[in-house]
Structure formats: structure tokens, C-alpha cells
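Remarks on the overall topology
Letter by letter, the chains look like this.
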Amino acid sequence: MSDTLSTGTVPASAPPPTRPSSRHLAVARLRDLALVPAIVAVAIVGWIISPVFLSTDNVLNVLQSMSEIAILVLAQTIVLITGKMDLSLESTFGLAPGIAAWLVVDPELTRGLGLGLLPDAWAVPVVLLVGALVGAFNGLLIVRFGLNGFIVTLGMLIILRGLLTGISGGQTFFALPGSMTYLGSTSWLGVPASIWVSLLLFAAGIVVLGHTRTGRALYAIGGNADAARAAGIRTDRVLWVALVVASVLAALAGLLISGRLAAVPAAQGDGAIFQVFAAAVIGGVSLNGGRGSVFGAFTGVLLLFMIINVLTLAGVPAQWTNFLNGAVILVALVVSRITGGKAQT
Amino acid sequence: MSDTLSTGTVPASAPPPTRPSSRHLAVARLRDLALVPAIVAVAIVGWIISPVFLSTDNVLNVLQSMSEIAILVLAQTIVLITGKMDLSLESTFGLAPGIAAWLVVDPELTRGLGLGLLPDAWAVPVVLLVGALVGAFNGLLIVRFGLNGFIVTLGMLIILRGLLTGISGGQTFFALPGSMTYLGSTSWLGVPASIWVSLLLFAAGIVVLGHTRTGRALYAIGGNADAARAAGIRTDRVLWVALVVASVLAALAGLLISGRLAAVPAAQGDGAIFQVFAAAVIGGVSLNGGRGSVFGAFTGVLLLFMIINVLTLAGVPAQWTNFLNGAVILVALVVSRITGGKAQT
Amino acid sequence: CGDRDAGTGAGGGKPLIGVDYPRSDTDFWNSYIRYVPQSAGELGIDLKTTNSQNDIANLISNAQTFMSQGVKGVVMAPQDTAAIAPTLAQLESRKIPVVTIDTRPDTGKVFMVVRADNRAYGTKACQFLGTRLGGRGKVVMLQGGLDSINGRDRTEAFSECMAKEFPGIKVFGEATDWKADVAASKLQTRFASDPDIRGVYMQSSFALSGTLQILKQRGLQVPPTDPKHVFVVSNDGIPEELKNIGDGLIDATVSQPADLYARYGLEYAKAAIEGKTYQPGPTDHGSTIIQVRDGLLEDQLPAPLVTLDGAPVAGQPTVKYDDPSLWGRQG
Amino acid sequence: MTAAPYHPGDADRPVVEAVDITKRFGSTLALSGAGIMVRRGETHALVGRNGAGKSTLVGILTGLQAADGGAVAFDGRPAPPLADRDAWRQRVACVYQKSTIIPTLTVAENLFLNRHARSRAGLIRWSSLRREAQHLLAQWSVDVDVRQPAATLSVEQRQFVEIARALSFGARFIVLDEPTAQLDAAGIDRLFTRIRDLRGQGVTFLFISHHLQEIYDLCDRVTVFRDARHILTAPVAGLSRQALVAAMTGEDVTMPEADHRPPASDAPVLLSVRDLVTASGARLSMRVRAGEVVGIAGGGGSGKVEVAEAVVGLARPVAGSVTLAGRVLRPGSVPDALAAGVGLVPQDRHREGLVPGLSIAENVTMTVPQRIGRYGLISRARRDALARDTIAALTIKAAGPQTPVADLSGGNQQKVVMGRALANDPRLLVLVTPTAGVDVRSKQTLLGVVEDVRRRGTAVLVVSDELDDLRICDRVLVMFQGRVVAEMAHGWSDNDLVAAMEGVDLHHV
Ligand SMILES: Nc1ncnc2c1ncn2[C@@H]1O[C@H](COP(=O)(O)OP(=O)(O)OP(=O)(O)O)[C@@H](O)[C@H]1O
Ligand SMILES: Nc1ncnc2c1ncn2[C@@H]1O[C@H](COP(=O)(O)OP(=O)(O)OP(=O)(O)O)[C@@H](O)[C@H]1O
Ligand SMILES: [Mg+2]
Ligand SMILES: [Mg+2]
């Protein structure tokens, strides 16, 4: 091609092939709102089935009962966007408040459960510290040793659950100190604090993931880790941070639910990870990393809990609740596929 | 650059840079045997802890108790090699014999559980048919509609479990016909038939995946689906086949355990998928597709069950069994990473 | 019907009661689920039902839903007796009486606890096995899940009784997570290490058929007169167990009164709405109300040991397997 | 582009100097005591065969990878620590050989990744970021909406995004690793103009390409690597093409002029494509005789690849039919095309050509399971034998048939793809950009193979915009915007062909 190379001026390029990019863009922006029509539809159906559905009381009930899982979904979303996954979140959810209770609770009050080693004021810091340690350990195995995230966190899920069973002997910790129950049980302006906390965390998530360099680094890593590294992103460090933040969020969510229950059952969070994944994916978060938004994840978890609430209000037969929950997830998935329009890979 | 072209004889090429790739090959072949030293070590430790460990009785016990899960692992391995995953196997494991029992069992004998619609002889065909249908439905959603396999089969896991709870009303199906209990409870040559069945299936798996066109097509698809398609492999069809075969294997495994228990509990298989993944991955099967062997998967499940058996014989305290199981999985994982030598991605 | 709230419940005066089912995937609780609407019909009660699927967080949310729906009383079976306290407090603040089934909350006020004594199950099983084995030999206890209070009660009572009354018996406790396959393989492992096992106590019927299969496989299904016989005690009292006792496949079970749970749970809830009160002492249905702590009454329903012959064991009466009063014989 | 202050005092110091660099990847020695020295203001070429270690050196010079041994210095000062990415990015910018575009992010964000415009609160200002992006791309005449995800870009547009980004850092030293491999002639022109511009401002370039002509057109000095070692560094002007190739290949090859012998004119028509219309609207009709080599040329977006994919069944055409030796191919079915005797080298070997984790033997025999076993069972011995034949015939450098293709260098990988296409003794061989990213020597082998098969009566379609690939054709169909606009017999002039590919008909102005 030597003869084409020596010209001085840039020749006018051929017209680029037409691309319907404006339509594409509209879709991209709409994906965040993809579930809003579904949410509205469920609200209407719910209201027809039972007028109670839209009462303040019931709305607060839905929001409160989803608040802890929603925080788990936020945590998982952060990890998923980087292209990893963290199954162990459901166990951290139980273990973190469990360890705090174990260290703090007075054995006198609880038939020998708990060690009473630390003063009450330590409880909340311990909860968060346990979260951070679990995240750091996951990071060690996944980021440092290059082990597969799915299987590491699967192992951690089993181990951490086993640890909680071990320290509690399978029993429920109760008589928690006030500092542990405060957030989960108090109300601010007539609305349970856990609702405020979860909404605030989501708002923070939207800002951080959408409008800060660190947040965008998560997307870049999930999209193409090598490219992110080439662009000067310290991918390892960002992954560590994501894993630690996710585990701390899970610990915080565990704190909220322990506060609401005023107890830490040994099975706290058992099986929750299925729901968490379902909510995130329905909300448009890709399991392959790099795609999805915090707002979308929020609509996902909201939709799921609204449907569960409607099913409860409708009084579906007990044996069929599981089936319907599964069906709802699958249908929501297919619908989000249709509105999303792209094959999920 | 026309001068660089030669249509004449191809000149002898320069000596290739030295690549000790025969070592590479040895490693690749050894990877299959990576767990053998660990298995031997556990056998020795087990024998020290309890001489019973190596008795025929106990060895048969380990083999029998792992036989059903092993078949699930085989099924999952097939799916994993194509680069997909099937979480719903654990529910198919319960649902397939559940549906057969539901259709066949005489309601007179079981206080209204079961429909007694079909004659006993239909039971086993129905089990396998349900497996095939579940696999085909998974295929429809994953292959045809392009939905993400993880989340589709997660939804299916919940739905199928719910379906079993629904038809059984959560109860256990008893009074199974003889055709359903035969395989799971009989012995051939003094060895339980389920051991024979699982060993035969693994042998078949080794031959099919290692030495047949279809088997190699699974690896090609898992390694690079586009390239496989360009090479004339009917990728969609092979994926369907893999999903259907996996579900049928899960149904068969369910038949074996139902035969062993002479019953189908509504929770049959609940939570088994964690163990299945762990065994496959410890056995060297990659979650990203294209890598792993059936023999490796077998060593993975064998190692896991040997360790569980040793823990039972050693009589570890009940509240710590879960923890130890998880720890075993994680340690095995780290060890297989070290012997495997390659970062898992 | 109570006249205070007459007219607010649906159906013109019938009290509206919310019943939360703890789970729907076990034989025992499904029997309960079947009895509840039946009893509600008999008692003239309007029902709202939910299923908390063995998850305390679901139970809390369901209780909220009941409140939104305006129920006048709640019947629940909290499987977690500590974590239920805040919910009880909330219901109390709304003046909604609560009856708990099967479990006794660690703290908080409820109108009545309707349950059978799980510790007594363990003790009964221990006494049966102990006397039949003559105080010697090895037995396997197939425990349930560690995170279940009822499972723990049974385990503790059985172990304590064995240690105290039959020190010559060696007990292997195996955690099974209420899973049939886990139970089967652990039992098999035990038989491999100790082929001379003479007794099996399973804390729930979930392990029933697996255990029978293993005994059959090992050729141990022989009559009690044979020295090789393995004595099997089960728990729950579902029809299959009763049938197996009749066939000589197992030796005893504890019949948990699923029907009475349903009936008296609703009856007490209705009574609470009507403003009735109860005192400790014997009841009109063959049980005793005891005061377990200040302000907490518990109706301890009988949970008889069922045997082939109905002969007393260790001085305690038992019920013959075909006795029509057993819930597993009805329906 | 802000011109950094120029310090004449530094002029004698090399912009970058790497000495005695050694790098291993597992068992592969990628660089062995190799080095390079780039002077300020020059455009320095780095050439070598596939796998010579060029890209590995680039990784080390840009701080992406640590060398196992040796030292790198910028302006005479040791290179910053690997963790300090910002320091590296001040010294050197790079267009890597492997795409560093993140497909899920927007074009704008890709351009300003990790250096987003931020408000004082530390939040990203998306609007100004988009404006800057638009501005940047306008300079390169890349007409795309910067808000769309990069996944929607064409290969060429992506390459320009990479180039635009690398050049926008304002770095004084820029590394370009095969920047032209994905560009058409017009794009290459734009790039070169720009490089000359920047060179005028004192920017230094390290330029890697397998197109030797580009080296002569653009570069001042050239460094040659061979087998992980430094072979020579010399001014381009004083180095004959012959000597350059000899240095790269380590042998004194003579380059005989292609002796083109057209196929017998009475050869039967083997392939006939009738009114083929692809999904994107490209059309093609043609007849190819046995032993004939037909080129399909065209720039980016001309539809040449789409029609080729429709012919071999990789894509389903909207209309039209393909007949091979009297057999009408089932539209959109690769297995049917294979059965009829089609061999294919797809456009992108990484995407469609190879299964990297599998061995050479498995890749080569993937299209011909029936030849290596019966009843669906595979005979390893036969498979390996077949693979060994291929390895010998195409001079693939590998330890043996069991070597995973992931361990091969690019050129050797491309030969494996060719081997796969040839495995079923095709009657029609379709080659889509068969020599992309392949070194001169391997190119020779691959095109030599084409000559061999056509002699055996195979019809060959060469789909490419590389003049070298097209030179072996008996005639070339030129496509432009989905239509065949010209047909040129062997012996065309480069100017005519290039003009036709750009939609200009020089003879009918
Ligand atoms: N209170 C009870 N009354 C009667 N049976 C019970 C009771 N608790 C447990 N069981 C028996 O044990 C089984 C499951 O009990 P439970 O609900 O306590 O399980 P869990 O510990 O929550 O188990 P999982 O691990 O499955 O969540 C039932 O099948 C039942 O037969
Ligand atoms: N990450 C890696 N892991 C293993 N081997 C590698 C890796 N990167 C490069 N290699 C090997 O190192 C050698 C040099 O590769 P490199 O990419 O530097 O070659 P190159 O000269 O750029 O070739 P090309 O012209 O094909 O781009 C090759 O044998 C290659 O297979
Ligand atoms: Mg549980
Ligand atoms: Mg390179």
C-alpha cells in the first residue's frame, strides 16, 4: 500500500456506515428504568387484590423487610460490577453480628451463651471489623492468590456459616446490648431507621459508582481488567476495596436485622444469597461484570419484595409459596431480557 | 511488498526457539492425577484415626454414600465444560423421582398423597422423562432465548423445589413401587448397585468426553464457542444435549437416592449444589469452560466424601462439622491451586 | 364471639385470625397446615394465613402484614424463640393477642403457649430404648439440625437420661441437619465402625425410610425376639410410622399432636379475642396448663409414646399403634 | 496537543534505553538479554517475526510488566516503580497490540478513563468530559456519538479511539504496537499524517509493524529482534529490504518474483454465487473456476467480509444461493458448507479461529471428525498423525501436536487456522484477511500454500484489503458500500485497486 501513504493531506474519509446509535443510546439510558413499569403494574395489581397494599403501614413494611436484603444486593452489585461474585455475603450477614454478640453478651444472662469479654460499646465496631476481615480474607484468596471468586466465596459461605454454628452451638444469641439493637429498631421521623439507612446507602452507591473515579474504576475492571490496568487503575487495590466494602455492607445489614430481631439466630441469612442474586440480575446487573447500575439493582430488589408482599396478602397456599417465588424470579428475568433486548452472557 | 512473496519452494525455517513444552504436556496429563496424593494421604490419616476406615464395609459405605452426588458432579462437569452452569440439578434430583412417585403412588396406601394415575412400570421412565424435560426447558431459556445460565438455573432451582413442595404438600412420598427402589437398594456381586451405576457412568463419561466427537465438541464450545461454530460444530444443539443429559443424570441420581431411602422427601437434594460445585472445582474442572476432566471430577468427589467420612469416624463435635466441611473445601481448593499452578479465572 | 370488635372482622362477626405456618416442607408441619382450616371452620373463625418458610425475617414481615390486614389475633410457631421478642412487643402494643404453637418465646408476652414437651420426647425415647436393651449396648441418635430448639431439647434430654439412667449404653450422636440422605450415610458409617449397634433414636420421621433401608440391607430386620434386632424409635407420629410399627419395622414413636396444635392454637386465640382468661391447672382436654414464668401460660398437650402393644414403659403409659385417638389414624 | 518545554541539553540522552532485558513466561523465553535505545525526536521502528518479543518489550517499556532482568531508563534516569502508574504515563503513552478498549463503557469514558474531568467536590463532570471526547475524536474524523458504548464501534473506529487516547496524553514518547493492522488505507494515511505532525513538534515514536513499506516510509532507524534477542539497530535509509528481512528471519532469503500461471480457461466452474444479499445489504454474484484464485477487496464497511461469511454459512444471507460443485449449500449452515468441501480462515483468529485451551491437533482436526475416527469415537493416533502432517506442511513452530495453541505466537496460530481450513481437502478455500498480523516470513508460507492448493484444483477466495494478499489472485472483485464496483484482472496497478476500494474510478473521471 506504499503508494497510498505519502500524501500530505488527510483525504476526506468515506461516509461511515449508518448506525442507529441514537436508538441505542436511548435504550442504554432506559435500561436503568426498565423495571419501573413493572413496579407500577405490581402496585396496581396489589392494590386491586388488597387495598391494604398501598397503605402507609404496608409500604413501610415492604421497605423495612427489604432493607437488609437490599443492602446485601448493593454489596453484591459492587462486586458483580468488577466481574467477581461474593457468595459469602449471606454468611457474613449472620457471622458479623454473631461474633459481636458472642464477645459482648453476658453469659450470666443467657445460660452460658456468649463470653462477655468486651464492653457493650465494642459491639458495633466489632461487627464492622468482622465484615472488613472477611472481605480482606476473600481479597487475599481471590486477588492475591488468583483463586476463582465463585468457589472461594462458596467455601467461605460454608465456613463462615459453620463458624457461627460453632460459636453459638447452633443457638440464637439474645440479650444484645442496646448499641447493637438501636439502628435496627428505632424510628426517625416515623420511619424505621433501617429504611433510612438503606436508602442513604443506595444514594451513596449511586453517586460513588456513577460519579467518582473509584466507582468508574469498578466498571472498567469489570469490563476489561487488563485495559483498566493499562489505564493506570490499580486493579488489585480496587478489587480489594470492593470486596472489603461489600463485606462491611453485609455486616452492617446483619447488624440491622439483628437489631430488628433483637437476636442473632445461627441461621441468619441462610439461603439469602439466592434472592440477592436474583434481585441484582433482575435489576440489570450483569454477572460478567462491567454492566449494571445501583439504581437498577434497587428497582430489582423493590420489585421482588413487592411481589412477595402481594403474594402474602393474596394468601397463596403455603405449599406453593416457594414455587411462586421461583416463578416470579424467572418471569421477571425473562421480562427484563425482553425489555433489555440483549442476550445475557 | 510484492518482493517478499514467494511461490517457489518454502525455505527451511529457522530453528524454533527452545520450548520445553514436553514438560508442559506432562503437567497437563498430571493435572488429572493431581488429587491422588491427597486421596492417599487422607486414606492413611483415616486409617490411623480408625482402622475401620479401610474396611470393605466402610469403603463400600463411602462409595455408596457418594454415588448419587457423584452422578450430580458428573452432570455438572458436563455442563461446566461447555462454559455454562446448571444450579437446578439439585432440584431436579428431588423433583424427578417426586413427580414419578406422585403419579404412581397409590393414594389409598398413603392417605391421599399421590395420584395413582399411572401403573408402577411407568415410574422409572417418568423419572427420566422429567429430567429430560427440565433439561430441555433450561435449554430453551439458555440456548434459545440467550438468558444467562446462572440466573436461569437459579430460578429453576427455586421453582422446581417449589413444585416438589407443591405436589407433595411438603410431605415425603412413601410406598414407592419396586421398580423405583430396585436400583438404589439392590446389590450386584456384593456391591450396591448404585456404586456400579455411578462407576459405569463415570467410565462412560471418561470415554465420551475424552474420545468422541461430541465430547470434544463440549470442550471446543467451552473454550471458544464462536470458533467451535466456525468449525462446523452445531453449538446450540450440543449445548441442548449437554443440558438435557445433565438433567437426566440428575434425575437418575435422584432415582438412586430415592431407592436407597425408599422415599422421596420434599427437601431431597436441598443444598447439594454447593457440594457438587466444590467437588467439581477441587477436581480441576474450570468454571469458565473448556477445561477439566471427568476423572478429575471423580477424584474431587471421592476426596470430599473420604474427608467427611473421616470426620464422622473421628466423631467431631456436631456444631463444628459444617465449619470443618467448609474448611476442607477451601483448603482442598488452595491445594489444588498450588498443584495446578495456574491462576483460576 | 367477642362483642368488643364485632362487625370489624370480615364475614359478619366471625373473628379474623392470622395464622403463620412455620414451614411447608416437612411432613409434620404439613399435617398441621391441613388441620388449621379444618379447625377454623369448626370454630367459626375467619383465617388469614402466611408461610414464613423457616425464616424469622419472613415471620416478622408476615406479622406486619397481619397488622395491616387488621387481624384480631395471631397464631404463630416461631422456630426461633429469641428473635421473636420485638415482634411480640409490637403485636402487644397493638393489643393483638398471640398464641404460639410448639415453641415458647424466651421473652415477651403471649396469651398462651400450646406445645408438647420436647424434652419429654427425648426422655421417653431414652427410657424405651434403655429398658428394651437392658441397659447395655450401643445406640445411634440421629439428631436434627443444631439451629432448631426442638432438636436441641430432644438431644439434651435423651443424652441426659441415658447418662443418668443407663450409663451402660454408649450413645453416638450424629448431626443430620434434618436431611434424610445425611442421616442415612451417617448411620451407615456408624454401622461400618460399630456393627453391634442395637438401637436407633431418630428425632424426626425424616430419617425413617433411610434407616429402614439400611437395616434391610444389613439383614437386621428381624423380630424383637432375635438378639440381632435393632430397636428403632422415631418421632412425629405420622401415619407411615404407625404403619411401620404395626408391621414390626420400627418399635415406637412419639406422636406429636399436629391436630391438637391446630385446634387449640385457634381456640385460645379466639378465647383471647373474646376476653376469656385461663388459670394454671388441668384442662378439659386431658392436658395441664402450667405457668412457666410470670404472665406466661403453657398448655402442655399430651404427646404419647406409641408402641406395638401399648404396654407401659418404665412405668409410663404408652398408646397402641392402632389407637383411633392418634392424629395419624384420622383423616 | 500541548508541547512540553524542550530542553536542548537532553538532546543527546536517549528518550528511553532498555538494556539486557530478560523476560520469561513460564517455559517460554520471550526476551533474552534484548535491548533498545530510542533517540529523542526520532521515529524508531521495531520489527521481528511473530513471537520475537516485540510486544513483550512494549509491555516492559510502558510499565505494564516487570522484566525478570535488565534495566529501563527514561532520559537517563531509571524507570519509576511499577506501582506508580502516573509516573509511567507521564513518560510514555502507548497503543497496545491487544485492544485496551472497554466495550461496556462509553466511547467518551474510554478516552478519559481514570483521568475524568472532575468538579471541585471530586465528582465527575460528565458533560465536559463528553465535550472533550467529541473534540478529540473530531480531530481524527471519527464520526461517532461519544455516548454510545465502545462495543458498538467498528474495529477501525476502535483503533482510532485507542490512537486518539494515546496521543492525547501529551506524552513526548509514544509507542505504537502494530497500529495499522486494523486500519484501511485511508485510516493509515490519517495516522501517518498525524505522526509526522507530532514528530515535527519533537515527539518521539517507537513504531511496530509487519508492513515493511511503512517502516521505510515513516521511520528513521530500525531495530530488529529475532528469537527473543536483539539482532541489529541501523538507520533505515542504509538498510536494504533484503538485508532487513534477512535480519528478521536469520536466513538469506531471495525473494523471487511470483511466477503467476493463470488456471486453464477450460477449467469447470466450481463455485457459483447467485444474487447473494447479506443481512447488512451487501450483494454479490460470481462464478469461480477450479484452480482459480479470486480476490474480494474493499475497505472497512464495504461488505466484503459479510458476503464471505454468507458464502461459507457463518452468516445467514437474506437472499440468493451458493452452489459448490453442483451442490446448493444450505444457507447459514457451516456443517453443510464443510460437507460440501468449504475450508475457511475466518477474519479474527482469536474470536472464531481457535480454541486456545485445546491442542494444535484438536484445533486442526476440529472440522474433520470423520477423518480421525469412526462411530463418533476419535483415534488419538490418527488425529496426531494428521496434525503432524499439518505442522510439517505449514512449518508450524511447536513441540508437537499436543501443544496448546494458546502457547503459540501469532503467526503460528494463524498457520493452525490455515491448517484447520485445509484439513478437509477443501474444494473451495475462503480466506478472510489471512495474513493479518503475520510476519513476512509466515506470510510467504501461507500464500505459498494457497498456490499449492490452487494447483490441485481448489478454488480460492481471498477476502482482504492487503495488496500483498491480493497479488496472488487471478482477478480481484472490488467492493464498495456493499456493491462490486470493479473487477480487475491479474496485473492491476496498486493505484487503480486502491482507488477502486475507496470508491474512486480513476479511469472514468
Ligand atoms: N417443633 C417440632 N415439632 C414437630 N416436629 C419437629 C419440630 N421441630 C422439628 N421437627 C421435625 O424436624 C424437621 C425440621 O425441623 P425444624 O423446622 O426445626 O428444622 P430446621 O432446623 O429449621 O432445619 P433446616 O436446616 O432445614 O432449616 C421436621 O421434619 C419435623 O419432623
Ligand atoms: N502473557 C504471556 N504468557 C505466556 N506467554 C507469553 C505471554 N505474552 C507473550 N508470550 C510469549 O512470548 C513470546 C513473545 O511474544 P510477543 O507478544 O512479545 O511477540 P511479538 O513479537 O509481539 O509477536 P507478534 O508479531 O505476533 O505480535 C511468544 O512466544 C509468546 O507466546
Ligand atoms: Mg435451615
Ligand atoms: Mg506483538
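Refer to the preceding data block for the structure.
The rules behind each value
- Residues numbered from 1 in each chain as written.
- Chains lettered and ligands numbered in written order.
- Predicted model: local features only at pLDDT ≥ 70, side-chain atom pairs only at ≥ 80, totals over all residues.
- Heavy atoms only, no water.
- Helix = DSSP H or I, 4+ residues; strand = E, 2+ residues; numbered from the N terminus.
- Contact = heavy atoms within 4.5 Å.
- Buried area = accessible area lost by both parts, 1.4 Å probe.
- Salt bridge = Lys/Arg side-chain N within 4 Å of Asp/Glu carboxyl O.
- Polar contact = N/O pair within 3.5 Å; in protein donor to acceptor, adjacent residues only side chain to side chain.
- Nonpolar A, V, L, I, M, F, W, Y, C, P; charged D, E, K, R; others polar.
- Buried < 20%, exposed > 50% of the residue type's maximum accessible area, 1.4 Å probe, protein only.
- Donors = N, O, S within 2.8 Å, 3.2 Å for Na, K, Ca; no water.
- Least-squares fit on C-alpha atoms with pLDDT ≥ 70 in both.
- Near = heavy atom within 4 Å.
- Areas by Shrake-Rupley, 256 points an atom, 1.4 Å probe, with all protein chains shown as cover.
- Pairing = 2+ DSSP bridges.
- Disulfide = S-S within 2.5 Å.
- Expected span 1.5 Å × (residues − 1).
- Axes fitted to C-alpha atoms, helices over the stretch in contact; angles between N-to-C directions.
- Parallel < 35°, antiparallel > 145°, perpendicular 65-115°, else oblique.
- Left-handed = near helix turned anticlockwise from the far one by under 90°.
- Core = buried A, V, L, I, M, F, W, Y, C linked by side-chain atoms within 4.5 Å.

**A few points about the overall build of chain A**
Tallying secondary structure elements over chain A gives 14 helices and 2 strands in all. Here the analysis covers contacts within chain A between residues at least 6 apart in sequence; of these, 75% occur between residues at least 24 apart.

**Remarks on the interface of chain C and chain B**
How big an interface is tends to be stated in terms of the accessible area lost upon association of its parts. Taken together, the contacts link 34 residues of chain C with 31 residues of chain B. Among the residues chain C hides against chain B, the three largest losses belong to Asp27(C), Thr189(C) and Gln213(C). Together they make up 17% of the total. Close ionic contact of Arg218(C) with Asp57(B) constitutes a salt bridge, the shortest N to O distance being 2.9 Å. For the pair chain C and chain B, the interface holds 9 residue pairs in polar contact (both at pLDDT 80 or more). Contributions of two or more residues to the side of chain C that touches chain B are made by helix H1 (27-43), helix H6 (180-193), helix H7 (208-217) and helix H8 (239-246) of chain C. A per-element tally of the side of chain C that touches chain B places H6(C) first, with 11 residues. Counted by class, the side of chain C that touches chain B contains 9 nonpolar, 15 polar and 10 charged residues.

**What to know about the environment of Val328(B)**
Residues and elements named next belong to chain B. Within the element layout of this structure, Val328 appears in helix H14 (residues 318-340). When its relative accessible area of 18% is taken as the criterion, Val328 is described as buried. Sequence separation of Val328 and Ile307 is 21 residues, and the distance between their C-alpha atoms is 7.7 Å. In contact with Val328, other than residues within four places in its own chain, are Leu304 and Ile307.

**As for the coordination of the magnesium ion (ligand 4)**
All names here are of chain D. In the first shell of the magnesium ion (ligand 4), the protein supplies Ser55 (OG) and Gln97 (OE1), at 1.8 to 1.9 Å from the metal. One end of the pair, Ser55, is in helix H1 (residues 54-61); the other, Gln97, is in the loop between strand E6 (93-95) and helix H3 (107-111), with 42 residues separating them in the sequence. You can call Ser55 partly exposed: its relative accessible area is 30%. According to the relative accessible area criterion, Gln97 is partly exposed, its value standing at 41%.

**Re H8(C)**
All names here are of chain C. Looking only at H8, the buried set comprises Glu240, Glu241, Leu242, Asn244 and Ile245. In this structure, the buried side of H8 is in contact with H7, strand E9 (231-236), strand E10 (252-255) and strand E14 (305-307). Positioned one or two residues after H8, Gly248 has a phi angle of 75°, which is positive.

**Section: the relation of the copies chain A and chain B**
Aligned on chain B, chain A shows an RMSD of 0.1 Å; the corresponding rotation is 180° and the shift along the axis is 0.0 Å. Taken together, the rotation and translation relating the two chain copies correspond to the operation of a two-fold axis. Mapped onto chain B, 98% of the interface residues of chain A are again interface residues, and the two copies thus contact each other with one and the same surface.

**Some words on the site of ligand 2**
Taken together, 17 residues surround ligand 2, and among them Asn50(D), Gly51(D), Lys54(D), Ser55(D) and Thr56(D) come closest. What surrounds ligand 2 is not a single chain but chains B and D. In the environment of ligand 2, an oxygen atom lies 2.7 Å from a nitrogen or oxygen atom belonging to the side chain of Ser55(D). Take Thr56(D): an N or O atom from its side chain is 2.5 Å from an oxygen atom of ligand 2. Notes on ligand 2: free accessible area 630 Å², of which the protein chains cover 74%. When contributions to the shell around ligand 2 are tallied by element, the ones reaching two or more residues are strand E2 (28-38) and H1 of chain D. Ranked by residue count, the leading element in the shell around ligand 2 is H1(D), at 3 residues. Of the residues assigned to the shell around ligand 2, the class counts are 3 nonpolar, 9 polar and 5 charged.

**Quick look at the interface of chain A and chain B**
With 41 residues of chain A in contact, the opposing surface of chain B contributes 42 residues. For the pair chain A and chain B, the two sides together bury roughly 3700 Å², of which 80% comes from carbon and sulfur. Looking at the side of chain A facing chain B, the largest losses of area belong to Ile151(A), Phe274(A) and Leu330(A), adding up to 16% of the total buried there. Applying the counting criterion to the chain A and chain B interface returns 0 salt bridges.

**Some details on the sheet that holds strand E15 (residues 319-320) of chain C**
All names here are of chain C. Taken together, the 7 strands give an open sheet; going across it, the order is E7-E6-E8-E9-E10-E14-E15, and neighbouring strands pair in mixed fashion. Strands at the two margins of the open sheet, each flanked by one partner only, are strand E7 (169-174) and E15. Taken together, the 4 bridges between E9 and E10 define a ladder with parallel strand orientation. Within E10, the residue paired with Val233 across the bridge is Ala252.

**Digging into the pattern of salt bridges**
Summed over all chains, the structure comprises 44 salt bridges over all chains. In this structure, Arg190(C) engages Asp194(C) in a salt bridge whose closest nitrogen and oxygen atoms are separated by 3.9 Å. Residues Arg190(C) and Asp194(C) agree in their burial class; the two are buried. Two residues, Glu451(D) and Arg454(D), come together in a salt bridge whose shortest N-O distance is 3.2 Å. In this pair, Glu451(D) and Arg454(D) are both assigned in helix H15 (residues 440-455), 3 residues apart and thus about one turn of the helix distant. The exposure class of Glu451(D) is buried, given its relative accessible area of 6%. One network of salt bridges, with partners in common, ties together Lys138(C), Glu174(C), Arg190(C), Asp194(C) and Asp196(C).

**Topic: the site of ligand 1**
Residue and element names in this part refer to chain C. Every one of the 15 residues lining ligand 1 counts as a neighbour, but Arg23, Asn54, Asp102, Asn150 and Gln256 are closest to it. Within the contact set of ligand 1, an oxygen atom lies 2.7 Å away from a side-chain nitrogen or oxygen of Asp236. For ligand 1, the accessible surface in isolation is 620 Å², of which the surrounding protein chains cover 89%.

**Comments concerning the state of the cysteines**
Applying the stated criterion to the full structure yields 1 disulfide over all chains. For Cys126(C), the disulfide goes to Cys161(C), at an S-S distance of 1.8 Å. Its torsion about the S-S bond being -75°, the disulfide of Cys126(C) and Cys161(C) is classed as left-handed. Separated by 35 residues along the polypeptide, Cys126(C) in helix H4 (residues 118-132) and Cys161(C) in helix H5 (residues 149-165) bring together distant segments of the chain. You can see Cys219(D) has no disulfide; the closest cysteine sulfur is in Cys94(D), sitting 15 Å from it. Among the residues examined, Cys219(D) registers a relative accessible area of 9% and is labelled buried.

**Thoughts on helix H14 (residues 410-422) of chain D**
All names here are of chain D. With 13 residues, H14 ought to run about 18 Å at 1.5 Å a step, and its terminal C-alpha atoms sit 19 Å apart, in line with that. Of all 13 residues making up H14, 12 are buried, and the element is well covered by its neighbours. Of the positions making up H14, those classed as buried are Gly411, Asn412, Gln413, Gln414, Lys415, Val416, Val417, Met418, Gly419, Arg420, Ala421 and Leu422.

**Looking at the side chain of Thr253(C)**
Residue and element names in this part refer to chain C. Residue position: Thr253 is located in strand E10. A residue is classified by how much of its surface remains accessible, and Thr253, at 0% relative accessible area, is buried. A polar contact of 3.2 Å, which involves the side chain of Thr253, links it to the backbone oxygen of Ser234. A polar contact is formed between the side chain of Thr253 and the side chain of Glu241, at a distance of 2.7 Å. Once residues within four sequence positions are removed from consideration, Thr253 is found in contact with Ser234, Asn235, Asp236, Gly237, Glu241, Leu242, Ile245, Pro304, Leu305 and Val306.

**Describing the packing of helix H2 (residues 36-49) of chain B against helix H13 (residues 294-314) of chain B**
Residues and elements named next belong to chain B. The N-to-C vectors of H2 and H13 enclose an angle of 15°; their axes lie 10 Å apart at closest approach. By the criterion of interaxial angle, the relationship of H2 to H13 is roughly parallel. Pair H2 / H13 crosses with left-handed handedness. For the pair H2 and H13, the contacting residues are Ala38, Ile39, Val42, Ala43, Gly46 and Ile49 in the first and Thr299, Leu302, Leu303, Met306, Ile307, Val310 and Ala314 in the second. In terms of residue class, the contact of H2 with H13 is built from 11 nonpolar, 2 polar and no charged.

**Side note on the nonpolar core**
The biggest cluster of nonpolar side chains holds 340 residues, and the ones touching the most others in it are Phe277(B) and Tyr32(C). Discounting chain neighbours no more than four positions away, the residues touching Tyr32(C) are Val19(C), Tyr21(C), Pro22(C), Val75(C), Ile101(C), Ala258(C), Tyr261(C) and Ala262(C). Among the nonpolar cores identified, the runner-up in size contains 52 residues, and Val107(D), Ala108(D), Val203(D) and Leu212(D) belong to it.

**So, the packing of helix H4 (residues 89-104) of chain B against helix H6 (residues 149-168) of chain B**
Residues and elements named next belong to chain B. Running from N to C, H4 and H6 cross one another at 25°; their axes reach a closest spacing of 9 Å. As summarised for this structure, H4 and H6 are arranged roughly parallel, according to the angle between their axes. The two elements H4 and H6 meet at a crossing, and its hand is left-handed. Side by side, H4 and H6 meet where Glu90, Ser91, Thr92, Gly94, Leu95, Gly98, Ile99 and Trp102 of the first sit next to Leu157, Leu160, Arg161, Leu163, Leu164 and Ile167 of the second. Here the contact of H4 with H6 is built from residues that sort into 8 nonpolar, 4 polar and 2 charged.

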